[in-house]
Amino acid sequence: QVQLVESGGGLVQTGGSLRLSCAASGSRLSINVINLGWYRQAPGKQRELVASITSSDTTSYADSVKGRFTISSDNAKNTVYLQMNSLKPEDTAVYYCKMARHVGSDIWGQGTQVTVSS
């Protein structure tokens, strides 16, 4: 059974940095994975895509985080990361990791809270 576990969230001041990790168990990132994405959902808002990375390491970002966030993956560790710099209060949200697969339904993690204080 494939599971995703996020970590690295917390409370940080405006302008600070955090690195989120999403560790996959039960599946290797190099097999059967179309892409991995980081999403976020703020209170009262819809979940939105923040960044994604394909199995061939092609990345894409939401306009709101371009130049501040970086997504990367380490296949040896079966982990995908989201480096977040120059954080703003509007980045406050629960951040989720999602795995899209060639075979099987999407897999979501449980989420990790990121709070940016002004």
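As a reminder, the structure under discussion sits directly above these lines.
Reading the values: the criteria
- Residues numbered from 1 in each chain as written.
- Predicted model: local features only at pLDDT ≥ 70, side-chain atom pairs only at ≥ 80, totals over all residues.
- Heavy atoms only, no water.
- Salt bridge = Lys/Arg side-chain N within 4 Å of Asp/Glu carboxyl O.
- Helix = DSSP H or I, 4+ residues; strand = E, 2+ residues; numbered from the N terminus.
- Buried < 20%, exposed > 50% of the residue type's maximum accessible area, 1.4 Å probe, protein only.
- Core = buried A, V, L, I, M, F, W, Y, C linked by side-chain atoms within 4.5 Å.

1. As for the pattern of salt bridges
Thought 1: Enumeration over the complete set of coordinates arrives at five salt bridges.
Thought 2: The partner of Arg68 in a salt bridge is Asp91, and the shortest N-O contact between them spans 2.8 Å. Of this pair, Arg68 sits in the loop between β6 (59–61) and β7 (69–74) while Asp91 sits in the loop between β8 (79–84) and β9 (93–101), and the two are 23 residues apart along the sequence. Accessibility classification places Arg68 together with Asp91 in one group, the buried group.
Thought 3: Lys98 is the salt-bridge partner of Asp106, the closest N and O atoms lying 3.4 Å from each other.

2. Focus: the nonpolar core
Thought 1: Ranked by size, the top nonpolar core spans 29 residues in total, and within it Trp38, Phe69, Val80, Leu82, Met84, Tyr95 and Met99 carry the most contacts.
Thought 2: Looking at this core, the elements with two or more residues in it are β3 (18–25), β4 (33–41), β5 (48–54), β7, β8, β9 and β11 (112–117).

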